[in-house]
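# Architecture at a glance
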Amino acid sequence: MRAVVLKEPGILKVESVPDAVAEPGEILLRVRNCGICGSDLHAAKLGIGMPPGTIMGHEFAGEIAALGEGVEGWKVGERVVSLPQMTCGSCAACQRGEGHHCPAARVIGLGALPGAYAELVRVQPAQLLRVPDGVTMRQAALVEPLAVGLHGVRLGSVTTETACVVMGAGPIGAVTLLWARHAKARAIVVSDPSPGRRALAARLGANAVVDPTTRDPASALRDLAGVDPEVVLECVGLKGTLNAAVLLAGVHGRIVVLGVCTETDEIFPLAGIMKELEIAFAFAYTHAEFAAALEALRSGAIDVTPLVTDVIDLADVPEAFRALERPESQCKVVIELP
Ligand SMILES: [Zn+2]
Ligand SMILES: [Zn+2]
């Protein structure tokens, strides 16, 4: 099968590799679509937990190509989307639907198990959901990031009363904005230095978009809603952005950290103390939230189509990684296989 292989940190190559095969209890998918995630860019560059030969890709939808020994209840050809891990299914975390906290979890596409930057990928039946009629495979590949945004907005307890700032209008900022809109937050300001991404946030329904290098998002929110930010959804994850969130939030504000910063960072605690801030760190989503994200696509409550700015072939992935180093107009780049 064709696959995009991480040869060494920073080096991706499109290669022919042996076909993936479903082991007993697993299902083999023919990949139709797979999104490129910010974590992939980061992990590919640094190679953290990604041995040479890793196949990335954890945001995918496909058709069932084969059933492993002992698998029942699924049929070849069914359109499905999968949570990106295999888990034990019986521990306390699995029982809570939090497979990402399962001590035995093996993540698909981030080093432990091969991912979906490939024609075939192995998955676990317990992690599969059928894609309803009316939801395209391209849309279904966005369920994973969409679930991330839902989890963050829930952690922020965003309601119709909430005035919020979404920091960052990349894919995670964009899905977070969509859920904050869905919760009918009374005012949403999105900040991003990229003009292309600000334009997308405006199209997705932000009440105001600002370039944080030239304008304070909190003052934009005060202009709109007359209050300081009550919830700040940090969707950047660079050194310094968490402290920027601390400085932005108003008294008794809540910060939800969705951006994934992988280096030691500092905050100025006194600013948080004086305002009695709460900070919640978000990681992934529950099984139920993943299902809720798929249902939101089916019902039309959320439209992810505008997020997809680029549809590419496997062969174009290395180039797309280079382009995403300095994103301009791109938001979600989705691989599509014939
Ligand atoms: Zn992702
Ligand atoms: Zn478990």
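Worth saying up front: this structure is predicted, and the values here are computed from it rather than measured. (Residues numbered from 1 in each chain as written. Chains lettered and ligands numbered in written order. Predicted model: local features only at pLDDT ≥ 70, side-chain atom pairs only at ≥ 80, totals over all residues. Heavy atoms only, no water.)

With that out of the way, let us pick up a nonpolar patch on the surface. A cluster of nonpolar side chains, contributed by Phe268, Leu270, Ile273 and Met274, occupies part of the molecular surface with about 450 Å² of accessible area. Within the fold, Met274 resides in helix 9 (residues 269-275). Judged by relative accessible area, which is 63%, Met274 ranks as exposed. (Patch = residues over 30% accessible without salt bridge, like charges linked within 9 Å, V, L, I, M, F, W, Y side chains within 5 Å. Areas by Shrake-Rupley, 256 points an atom, 1.4 Å probe, with all protein chains shown as cover. Salt bridge = Lys/Arg side-chain N within 4 Å of Asp/Glu carboxyl O. Helix = DSSP H or I, 4+ residues; strand = E, 2+ residues; numbered from the N terminus. Buried < 20%, exposed > 50% of the residue type's maximum accessible area, 1.4 Å probe, protein only.)

Attention now moves to helix 5 (residues 171-182). Between its first and last C-alpha atoms helix 5 spans 17 Å; for twelve residues at 1.5 Å apiece the expected length is 16 Å, and the two agree. Helix 5 sits mainly inside the fold: nine of its twelve residues count as buried. Buried within helix 5 are the following residues: Pro171, Gly173, Ala174, Val175, Thr176, Leu177, Leu178, Trp179 and Ala180. Just beyond helix 5, the residue with positive phi is Lys184, at close to 60 degrees. (Expected span 1.5 Å × (residues − 1).)

In this section: the domain arrangement of the protein. What the domain assignment reports for the protein is domain 1 (2-142 + 304-336) and domain 2 (146-281). Just the C-alpha atoms count here: the centres of domain 1 and domain 2 sit 28 Å apart. Taken together, the contact between domain 1 and domain 2 spans twelve residues of the former and 13 residues of the latter. In total, about 990 Å² of surface goes out of reach between domain 1 and domain 2, with carbon and sulfur atoms giving 66% of it. (Domains from an automatic or database assignment. Contact = heavy atoms within 4.5 Å. Buried area = accessible area lost by both parts, 1.4 Å probe.)

What follows covers helix 6 (residues 195-203). Note on helix geometry: an α-helix contains 3.6 residues per turn, so any two residues three or four positions apart are oriented the same way. Residues of helix 6 that are buried include every one of Arg197, Arg198, Leu200 and Ala201, and no others. When helix 6 is viewed along its axis, its buried side chains cluster within an angular range of 160 degrees and face the same direction. The outward face of helix 6, more than 90 degrees from its buried face, is lined by the exposed residues Pro195 and Arg203. Each element contacted by the buried residues of helix 6 is listed here: helix 5, strand 12 (187-191) and strand 13 (208-210). (Arc of directions from axis to C-beta.)

Okay, the packing of helix 4 (residues 143-155) against helix 5 next. In the contact formed by helix 4 and helix 5, the axes pass within 8 Å of each other and the chain directions differ by 55 degrees. Taken together, the axes of helix 4 and helix 5 lie oblique to each other. For the element pair helix 4 and helix 5, the recorded crossing hand is right-handed. Contact residues: helix 4 offers Pro145, Leu146, Val148, Gly149, Leu150 and Val153, while helix 5 offers Ile172, Val175, Thr176, Trp179 and Ala180. Of the residues assigned to the contact of helix 4 with helix 5, the class counts are nine nonpolar, two polar and no charged. (Axes fitted to C-alpha atoms, helices over the stretch in contact; angles between N-to-C directions. Parallel < 35°, antiparallel > 145°, perpendicular 65-115°, else oblique. Left-handed = near helix turned anticlockwise from the far one by under 90°. Nonpolar A, V, L, I, M, F, W, Y, C, P; charged D, E, K, R; others polar.)

A few words now on the packing of helix 4 against helix 10 (residues 287-299). Running from amino to carboxyl end, helix 4 crosses helix 10 at an angle of 110 degrees, the nearest separation of the two axes being 8 Å. In terms of their interaxial angle, helix 4 and helix 10 are classed as roughly perpendicular. Crossing hand, helix 4 versus helix 10: right-handed. In contact with Val143, Glu144, Leu146, Ala147, Leu150, His151 and Arg154 of helix 4, helix 10 contributes Glu289, Phe290, Ala292, Ala293, Leu294 and Leu297. In terms of residue class, the contact of helix 4 with helix 10 is built from nine nonpolar, one polar and three charged.

Right, let's talk about the coordination of the zinc ion (ligand 2) for a bit. Surrounding the zinc ion (ligand 2) are the protein donor atoms Cys88 (SG), Cys91 (SG), Cys94 (SG) and Cys102 (SG), which sit 2.3 to 2.4 Å from the metal. In this structure, the zinc ion (ligand 2) is coordinated by four donor atoms arranged in tetrahedral fashion, with angles at the metal of 104 to 116 degrees. Between consecutive donors of the zinc ion (ligand 2), the numbers of intervening residues give the motif C-x2-C-x2-C-x7-C. Here Cys91 is found in the loop between strand 7 (85-86) and helix 2 (92-95), whereas its partner Cys102 is found in the loop between helix 2 and strand 8 (106-107), with eleven residues between them in sequence. Of the two residues, Cys91 and Cys102, both sit in the buried class. (Donors = N, O, S within 2.8 Å, 3.2 Å for Na, K, Ca; no water. Tetrahedral: all angles 85-135°; square planar, octahedral: opposite > 155°, others 65-115°.)

Attention now goes to the environment of Phe268. For Phe268, the position within the fold is in the loop between strand 15 (254-257) and helix 9. Since its relative accessible area comes to 46%, Phe268 is described here as partly exposed. Residues Phe268 and Ser39 lie 229 residues apart in sequence; the distance between their C-alpha atoms is 26 Å. Excluding residues within four positions of it along the chain, Phe268 makes contact with Asn243 and Val246.

One ladder, built from four bridges, connects strand 17 (residues 308-312) with strand 18 (residues 332-336); its direction is parallel. Within the sheet, the bridge partner assigned to Ile312 lies in strand 18 and is Ile335. Assessed by its sense of winding, the connection that carries the chain from strand 17 through helix 11 (residues 317-324) to strand 18 is right-handed. (Pairing = 2+ DSSP bridges. Right-handed = clockwise from strand over helix to strand, strands pointing away.)

So, on to the packing of aromatic side chains. Any two aromatic rings considered together are summarised by their centre-to-centre distance and by the angle between their planes. Applying the stated rule across the entire model yields two aromatic pairs. For the ring pair Tyr117 and Phe321, a centre distance of 6.1 Å and an interplane angle of 85 degrees mean the geometry is edge-to-face. With Tyr117 in the loop between strand 8 and strand 9 (120-123) and Phe321 in helix 11, this residue pair connects regions lying 204 residues apart in the sequence. Under the relative-accessibility criterion, Tyr117 is labelled buried at 0%. The buried category is assigned to Phe321, whose relative accessible area is 9%. With centroids separated by 5.6 Å and ring planes inclined at 40 degrees, the aromatic side chains of Tyr285 and Phe290 adopt a geometry described as tilted. Over the ring of Trp74 we find Arg130, and its NZ or CZ is 4.0 Å from the ring centre. (Phe/Tyr/Trp six-rings, centres within 6.5 Å; stacked < 30°, edge-to-face > 60°. Lys NZ or Arg CZ within 6 Å of the ring centre and 35° of its normal.)

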